[in-house]
Protein chains: 2
Amino acid sequence: MISDTIRLLNDNGLRKTDCRLDVLDFLLSQEHAVTHGQLEAEFPDFDRVTLYRTLSTFEDKGIIHDVKDGSGATKYAVCKHGSCSEHGHDDEHVHFKCIKCEQVSCVDNVHIPHIPLPEGFRAKSKNLLVEGLCNNC
Amino acid sequence: MISDTIRLLNDNGLRKTDCRLDVLDFLLSQEHAVTHGQLEAEFPDFDRVTLYRTLSTFEDKGIIHDVKDGSGATKYAVCKHGSCSEHGHDDEHVHFKCIKCEQVSCVDNVHIPHIPLPEGFRAKSKNLLVEGLCNNC
DNA sequence: AAGCAATATGCAACAGTATTGCAATTTAGA
DNA sequence: TCTAAATTGCAATACTGTTGCATATTGCTT
């Protein structure tokens, strides 16, 4: 729904430009994390730099978060449950990457247990990438 | 010790070239994961492509593994305890990245517990990146 | 609805990471 | 010492991402 998109932009004090509306609408419709390259293919009329800046803006506001899945290109997905904002992102992310179709999705509601670190080390955030086969592969 | 280096190359059926000897010796001496760029600075006489290929060869043989820490450049560290080989790497890696000094190190002897995945998903490997402050920062 | 200041966009240029093809060199073994 | 196979260096190229700046658009004010 385009109204979700508009509300998200309004709530975050962002101007409603063509690029932001289209990109955010698209991101909200995706089941999997998407790369800048996919956005470029989806929206050839927007400049690639504008797409980069749009992603960056959304990330700064806590609307989306990035996923580093080791593929070389950063992927992005919409943040859920309002656990992120411009004041900081959720400090715990679990992502699943299928080794066959290479799709990446967020695994929600999973708590990563305490990891014993060497003396003097203090953890601030944790990022877990689980790789395997998804339900379609 | 250079003899550890030579033994590793021999055990993996790799020719003892200048580049491999120097790079592997260097990698064995490092506490933290290193990037290709660091190797380039350390060994300006070897071509950058050769360094890439050397890293790739070591990785294929299970001598080193890569660490994607989100910095843009892949880092590499020597595999411990012989849990890796050319038949496959250890399926569980925990790495710590200091948010201040940006050094990355392997956290050994930590088992990542079972992560509940949605119906139909099967995990093959897990990669956990913990970020925080190290004992020097 | 016209004007204005702040913001966003498009374009060009550039930086860093990584890969490929190919000719020349080096290695390990006969 | 000779040779085949493996390795290296070089050139070219692709991909990801960033920066500066002029132009266009947005949202607000009048």
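For the structure itself, look to the data block above.
Quick caveat, the model's predicted, so the values are computed rather than measured.

(A) Representation of the protein's contact with DNA strand D in the model. Near DNA strand D there are 18 residues, and of these A:Thr74, B:Thr17, B:Arg20, B:Thr50 and B:Arg53 occur at the shortest range. Sugar and phosphate atoms form 59% of the subset of DNA strand D atoms that lie within 4 Å of the protein. Separating a base oxygen of DNA strand D from a side-chain N or O atom of A:Arg53 is a distance of 3.4 Å. Listing elements by their share of the surface near DNA strand D, those giving two or more residues are helix H4 (48-60) of chain A together with helix H2 (18-29) and helix H4 (48-60) of chain B. With 4 residues, the single largest contributor to the surface near DNA strand D is H4(A). Here the residues of the surface near DNA strand D sort into 5 nonpolar, 4 polar and 9 charged.

(B) Representation of the environment of B:Pro113. Position of B:Pro113 relative to the elements: it lies in the loop between strand E5 (104-106) and strand E6 (122-133). B:Pro113 sits in the partly exposed class, given a relative accessible area of 27%. Put simply, B:Pro113 and B:Lys126 are 13 residues apart on the chain and 9.8 Å apart in space, counted from C-alpha to C-alpha. Those residues in contact with B:Pro113 that lie beyond four places of it in its chain are A:Pro113 and B:Lys126.

(C) Up close: the protein's contact with DNA strand C. Taken together, the neighbourhood of DNA strand C is formed by 18 residues, with A:Arg20, A:Thr50, A:Arg53, B:Lys16 and B:Thr74 sitting nearest. Take the atoms of DNA strand C that sit within 4 Å of the protein: sugar and phosphate atoms are 62% of them. Separating a sugar or linking oxygen of DNA strand C from a side-chain N or O atom of A:Arg15 is a distance of 3.3 Å. The side chain of A:Thr17 places a nitrogen or oxygen atom 2.9 Å from a phosphate oxygen of DNA strand C. Per-element tally for the surface near DNA strand C: the top contributor is H4(B), with 4 residues.

(D) Layout of the environment of B:Thr35. Looking at where B:Thr35 falls in the secondary structure, it is placed in strand E1 (residues 34-35). Sequence-distant contacts of B:Thr35, defined by excluding residues within four places in its chain, comprise B:Ala73, B:Thr74 and B:Lys75.

(E) Highlighting the interface of chain B and chain A. In this complex, chain B contributes 30 residues to the contact, which on the side of chain A involves 30 residues. Ranking the residues of chain B by area buried against chain A places B:Ile115, B:Phe121 and B:Leu128 at the top, with a combined share of 20%. For the pair chain B and chain A, the interface holds 0 salt bridges. In this assembly, chain B and chain A are joined by 9 residue pairs in polar contact (both at pLDDT 80 or more). Every element with two or more residues in the side of chain B that touches chain A is listed here: strand E4 (92-98) and E6 of chain B. In this structure, strand E6 (residues 122-133) of chain A lies alongside E6(B), joined through 11 bridges in antiparallel fashion. Each residue of the ladder has a partner; that of A:Leu129, found in E6(B), is B:Asn127.

(F) Just the sheet that holds strand E3 (residues 75-78) of chain A, in detail. Taken in spatial order, the 3 strands line up as E1-E3-E2 (chain A) in an open sheet, and their pairing is antiparallel. Lying at the two open borders of the sheet, with one neighbouring strand each, are strand E1 (34-35) and strand E2 (64-67) of chain A.

(G) Representation of the relation of the copies chain B and chain A. Once turned by 179 degrees and shifted 0.0 Å along the axis, chain B lies on chain A with an RMSD of 0.2 Å. These values place the two chain copies in the arrangement generated by a two-fold rotation axis. Identified as the residue of chain B closest to the rotation axis by C-alpha distance is B:Leu128, at 2.2 Å. By residue overlap, the copies meet face to face through one surface: 100% of the interface positions of chain B are interface positions in chain A.

(H) Representation of the side chain of A:His93. Looking at where A:His93 falls in the secondary structure, it is placed in strand E4 (residues 92-98). Ignoring sequence-local partners within four residues, the contact set of A:His93 consists of A:His65, A:Ile112, A:Lys126, A:Asn127 and A:Leu128.

(I) Quick peek at the nonpolar core. In this structure, A:Val94, A:Phe96, A:Leu128, B:Val94, B:Phe96 and B:Leu128 are the most contacted members of the largest nonpolar core, which totals 23 residues. Of all the secondary structure elements, the ones that give two or more residues to this core are E4 and E6 of chain A together with E4 and E6 of chain B. Beyond its immediate chain neighbours, meaning those up to four positions away, B:Phe96 contacts A:Leu117, A:Phe121, A:Arg122, B:Gln103, B:Val104, B:Ser105, B:Val107, B:Val130, B:Glu131, B:Gly132, B:Leu133 and B:Cys134.

Rules used in this analysis
Residues numbered from 1 in each chain as written. Chains lettered and ligands numbered in written order. Predicted model: local features only at pLDDT ≥ 70, side-chain atom pairs only at ≥ 80, totals over all residues. Heavy atoms only, no water. Near = heavy atom within 4 Å. Polar contact = N/O pair within 3.5 Å; in protein donor to acceptor, adjacent residues only side chain to side chain. Helix = DSSP H or I, 4+ residues; strand = E, 2+ residues; numbered from the N terminus. Nonpolar A, V, L, I, M, F, W, Y, C, P; charged D, E, K, R; others polar. Buried < 20%, exposed > 50% of the residue type's maximum accessible area, 1.4 Å probe, protein only. Contact = heavy atoms within 4.5 Å. Buried area = accessible area lost by both parts, 1.4 Å probe. Salt bridge = Lys/Arg side-chain N within 4 Å of Asp/Glu carboxyl O. Pairing = 2+ DSSP bridges. Least-squares fit on C-alpha atoms with pLDDT ≥ 70 in both. Core = buried A, V, L, I, M, F, W, Y, C linked by side-chain atoms within 4.5 Å.

Distances and angles like these do not, on their own, reveal function.
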